[in-house]
Amino acid sequence: MKKGIHPENYRLVAFKDMSNEEVFLTKSTANTKETLEVEGVEYPLVKLEISRTSHPFYTGKAKFLDTAGRIDKFKNKYKKFQKADKKEEE
């Protein structure tokens, strides 16, 4: 390995999957502002949207996302801007 190109600040960091609250510890150099206590020891915390414990490829379970509900919510939110655009065109 080349000298001087690898970081020196490796430490144990807690990674938390926010979709299923799973926590695992591993060494990392990730900068964090939050901490989490695991088994009486405080570790820096990195929050994840998805990890091996919740990813459909690893779990074999696909999650159904309510895309229709989200699309309707988006359209309702921005409906007022759509009306303004139509008035300007006339």
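Within each chain, residue numbers correspond to sequence positions counted from 1 in written order. Local features are withheld for residues below a pLDDT of 70 in this predicted model, meaning they are given only at 70 or higher, and side-chain atom pairs are given and counted only at 80 or more; totals for whole chains, interfaces and linings count all residues. Only hydrogens and water are set aside; all other atoms, that is, all heavy atoms of the structure, feed into the side-chain values.

Asker: Would you take a moment to explain the overall build of the chain for this structure?
Answerer: Helix and strand content of the chain: three helices and four strands. Here a helix means four or more residues in a row that DSSP labels H or I, a strand means two or more in a row labelled E, and each is numbered from the N terminus. Ordering the α and β elements of the chain from the N terminus gives β-β-β-β-α-α-α. Within the span of the chain, comprising 90 residues, buried residues form 14% of the whole. Here a residue-residue contact requires only that any non-hydrogen atoms of the pair lie within 4.5 Å. Considering only residue pairs separated by 6 or more positions, the chain has 38% of its internal contacts joining residues 24 or more positions apart. Accessible area of the chain: about 8,200 Å², with a carbon and sulfur share of 53%. Relative accessibility thresholds used throughout: buried, under 20% of the residue-type maximum; exposed, over 50%; partly exposed, between the two (1.4 Å probe, protein chains only). Under the convention used here, a 1.4 Å probe and the Shrake-Rupley method define accessible areas, while residue burial counts only the protein chains that appear.

Asker: Quick question: what am I supposed to make of the side chain of aspartate 17 here?
Answerer: Residue position: aspartate 17 is located in strand β1 (residues 11-17). With a relative accessible area of 0%, aspartate 17 lands in the buried category. Separated by 2.7 Å, the side chains of aspartate 17 and serine 19 make a polar contact. Here a polar contact means two N or O atoms within 3.5 Å. Within protein one must be a hydrogen donor candidate and the other an acceptor candidate, and residues neighboring in sequence count only if both atoms are side-chain atoms. Side-chain polar atoms of aspartate 17 contact the side chain of serine 51, separated by 2.7 Å. Beyond its immediate chain neighbours, meaning those up to four positions away, aspartate 17 contacts Glu22, Leu48, Glu49, Ile50, Ser51, Thr53 and Ser54.

Asker: Looking at this structure, how should I read the pairing of strand β3 (residues 34-38)?
Answerer: Side-chain direction in a regular strand flips from residue to residue, so the side chains alternate between the two faces of the sheet. In short, DSSP must find at least two bridges between two strands for them to pair. Here β3 runs beside strand β4 (residues 41-48); their pairing, made up of five bridges, is antiparallel. Its bridge partner being in β4, glutamate 37 is matched across the sheet by glutamate 42. Where β3 hands over to β4, the hairpin turn is made up of two residues, of which glutamate 39 adopts a positive phi near 55°.

Asker: I would appreciate a short explanation of a nonpolar patch on the surface in the present structure.
Answerer: There is a patch of nonpolar side chains on the surface, built from Phe74, Tyr78 and Phe81 and spanning about 330 Å² of accessible area. Positionally, phenylalanine 74 belongs in helix α2 (residues 67-77). Distance thresholds for patches are 9 Å for like charges and 5 Å for nonpolar side chains (Val, Leu, Ile, Met, Phe, Trp, Tyr), applied to residues having over 30% relative accessible area and no salt bridge. For this analysis, a salt bridge means a side-chain nitrogen from Lys or Arg found within 4 Å of a carboxyl oxygen belonging to Asp or Glu.

Asker: Whenever I open this one, the side chain of serine 28 confuses me. Can you help?
Answerer: The residue serine 28 is located in strand β2 (residues 23-28) in this model. Overall, the relative accessible area of 11% leaves serine 28 in the buried class. Within the local environment of serine 28, its side chain forms a polar contact with the backbone nitrogen of alanine 30, the two atoms lying 3.0 Å apart.

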